[in-house]
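Summary of structural features
Okay, here's what each chain looks like letter by letter:
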Amino acid sequence: MCGRVTLEFDLQTLKEILTSAYHVGQMTIDDYSPRYNISPGQPLLSLLGDDDGTRAGWLKWGFIPSWAKSENEGYKHFNARSESVAEKPMFKDAFAHRRCIVMAGSFYEWQHTGSTKQPYRIQLKDQPLMPMAAIWTPYSSADGNKTYSCAILTTDSNDKIRRIHPRMPVILRHEEINTWLSTPSADLEKLQSLMRGYDPLQMTMYPVSSLVNSTKVDSPECIEAL
C-alpha cells in the first residue's frame, strides 16, 4: 500500500523539475509549501494530460465515489489495486477515462515486528520525483461543492520493499508517463504492462523516526535517517 508521501522541494525547484523533466506547460501550484508527511485527505501534486499537453495541480488524496454520502468516504479508498482497477465498479470508469500521475519525493512504509512498527523512507536513485500511477474522479456534494480526488495504484512489492511490506505504489519510468496518461483504455494489455514493481536497484530505503507515525507531525525531522 501507500499511505504517506513527501514533497520536500522549494517551489522554484519544483517548478523547474516539472518544466524541464516532465514538460509541464500549465501549473496551478503557487500555494505550495514543502511537505514531509502527507496523508490521505490532503492534497497531492498530480499531473493530468489532455490535448493541450501536461498540466500540474492538486487532487485530494482519497477516491470519493459518486454515490458517497460525504467526502469522508475517500479515506477508505486512498489506494486501488492495479490487478483489479480495470474491473472494479468503483474504479473502472476512472481507469478508462481519468488516469493521472501523483508526484512525490518519497513515500513511507512500515515494517511490523511484533507490537512495534518501524517506518522507512523510500526514494528513487535516478530522479528527484517519484511518478506514481493514479486515477481521479470528480465528486459533487449535496450543497453543490465539487471535489477532485484520487487513488494511487499499488502492485506487488519488489525485492527491496518486500522485506518490510508486500505492496508498493506503481511507480512509472520516465518514458512511461505519456503512455499512462494517453493510452486508450481498450489497450488494457499495454496499460497492465506498466503496473509492476520498480527496479529495486534504482531505489533507496532507510529507517526514520516514529514521528512519521503521527499525521499531525509534518517537519524535516520526518525524513532524517536514524
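Use the structure listed above.
This text gives an overview of the structure that appears in the document. (Residues numbered from 1 in each chain as written. Predicted model: local features only at pLDDT ≥ 70, side-chain atom pairs only at ≥ 80, totals over all residues. Heavy atoms only, no water.)

1. Here we look at the overall build of the protein chain
Within the protein chain, the secondary structure is distributed over four helices and 13 strands. For the protein chain, whose C-alpha radius of gyration is 17 Å, the value lies close to the compact-globule estimate of 17 Å for 226 residues. Along the three orthogonal principal directions, the C-alpha set of the protein chain runs to about 45 × 40 × 35 Å. Positive and negative side-chain charges of the protein chain, numbering 24 and 26 respectively, have mean locations separated by a distance of 7 Å. (Helix = DSSP H or I, 4+ residues; strand = E, 2+ residues; numbered from the N terminus. Rg over C-alpha atoms; globule rule 2.2 N^0.38 Å. Lys, Arg positive; Asp, Glu negative; His and termini not counted. Charge placed at Lys NZ, Arg CZ, Asp CG, Glu CD.)

2. What about the layout of surface pockets?
Over the atoms rolls a probe the size of a water molecule, and in doing so it shows where empty space is left. Considering only enclosed or pocket space, the largest pocket measures out at about 210 Å³ in volume. Contributing to the lining of the largest pocket are Gln26, Thr28, Ser46, Leu48, Arg55, Ala56, Gly57, Trp58, Leu59, Trp136 and Tyr148. Residue assignment for the lining of the largest pocket shows that the elements contributing at least two residues are strand 4 (43-50) and strand 5 (53-61). Grouping the amino acids of the lining of the largest pocket by side-chain chemistry returns six nonpolar, four polar and one charged. (1 Å grid on protein atoms, 1.4 Å probe; cavity = no way out; pocket = protein on both sides within 12 Å on 5 of 7 lines; lining within 4 Å. Points joined across faces, edges and corners; volume = space filled by probe spheres on them. Nonpolar A, V, L, I, M, F, W, Y, C, P; charged D, E, K, R; others polar.)

3. A word on the nonpolar core
Of all hydrophobic cores here, the largest spans 63 residues; its most connected members are Leu18, Ile135 and Trp180. Element by element, the count of residues in this core is highest for strand 10 (residues 130-140), at six residues. The next biggest cluster of nonpolar side chains, apart from the first, holds eight residues, and it includes Tyr108, Val212, Cys222 and Ile223. (Core = buried A, V, L, I, M, F, W, Y, C linked by side-chain atoms within 4.5 Å. Buried < 20%, exposed > 50% of the residue type's maximum accessible area, 1.4 Å probe, protein only.)

4. Examining the pattern of salt bridges
Applying the stated criterion across every chain, the model contains eleven salt bridges. Linking Arg98 and Asp93 is a salt bridge whose minimum nitrogen-to-oxygen distance equals 3.1 Å. You can call Arg98 buried: its relative accessible area is 17%. Given the relative accessible area of 39%, Asp93 is considered partly exposed. The partner of Glu176 in a salt bridge is Arg196, with the nearest N and O atoms 2.7 Å apart. With Glu176 in the loop between strand 12 (167-169) and helix 3 (177-182) and Arg196 in the loop between helix 4 (188-192) and strand 13 (203-207), the pair connects residues that are 20 residues apart, well separated along the chain. (Salt bridge = Lys/Arg side-chain N within 4 Å of Asp/Glu carboxyl O.)

5. Some thoughts on the sheet that holds strand 8 (residues 106-113)
Taking strand neighbours across the sheet as the criterion, the five strands line up as 3-1-8-9-13 in an open arrangement whose pairing is antiparallel. With partners counted over all chains shown, the strands left at the sheet margins are strand 3 (35-38) and strand 13, one partner each. Within the sheet, the average angular offset between the axes of one strand and its neighbour, ignoring direction, is 30°. Pairing of strand 1 (residues 5-7) with strand 8 involves two bridges; the strand directions are antiparallel. Pairing of Val5 across the sheet is with Phe107, part of strand 8. (Pairing = 2+ DSSP bridges. Axes fitted to C-alpha atoms, helices over the stretch in contact; angles between N-to-C directions.)

6. Some thoughts on helix 1 (residues 11-22)
Note on helix geometry: an α-helix contains 3.6 residues per turn, so any two residues three or four positions apart are oriented the same way. For helix 1, which comprises twelve residues, the first-to-last C-alpha distance of 16 Å matches the rise-based estimate of 16 Å (1.5 Å per residue) to within 8%. Capping of helix 1 at its N-terminal end is provided by Asp10; its side-chain oxygen lies 3.1 Å from the backbone amide nitrogen of Gln12. In the stretch just after helix 1, His23 is the one whose phi turns positive, near 55°. (Expected span 1.5 Å × (residues − 1). Polar contact = N/O pair within 3.5 Å; in protein donor to acceptor, adjacent residues only side chain to side chain.)

7. What about the side chain of Asn79?
Topologically, Asn79 is positioned in strand 6 (residues 79-81). Among the residues examined, Asn79 registers a relative accessible area of 16% and is labelled buried. Of note is the side chain of Asn79, whose polar atom sits 2.7 Å from the backbone nitrogen of Cys2. Here the side chain of Asn79 touches Ile152 through a polar contact of 3.5 Å, landing on its backbone oxygen. Filtering out sequence-adjacent residues up to four positions away, Asn79 remains in contact with Met1, Cys2, Phe91, Ala151, Ile152 and Thr154. (Contact = heavy atoms within 4.5 Å.)

8. Side note on the packing of aromatic side chains
Overall, the coordinates contain six aromatic pairs when judged by the stated rule. Ring centres of Trp61 and Phe78 lie 6.2 Å apart, and the angle between their planes is 85°; on these two criteria the pair is classed as edge-to-face. Here Trp61 is found in strand 5, whereas its partner Phe78 is found in the loop between strand 5 and strand 6, with 17 residues between them in sequence. For the residue pair Trp61 and Phe78, the accessibility class agrees, reading buried in each case. Both rings, one in Trp136 and one in Tyr148, keep their centres 6.0 Å apart while their planes meet at 50°; by these two values the pair is tilted. In this pair, Trp136 is assigned in strand 10 and Tyr148 in strand 11 (residues 146-156), connecting sequence segments twelve residues apart. Take Trp136: its relative accessible area is 17%, and that puts it in the buried class. (Phe/Tyr/Trp six-rings, centres within 6.5 Å; stacked < 30°, edge-to-face > 60°.)

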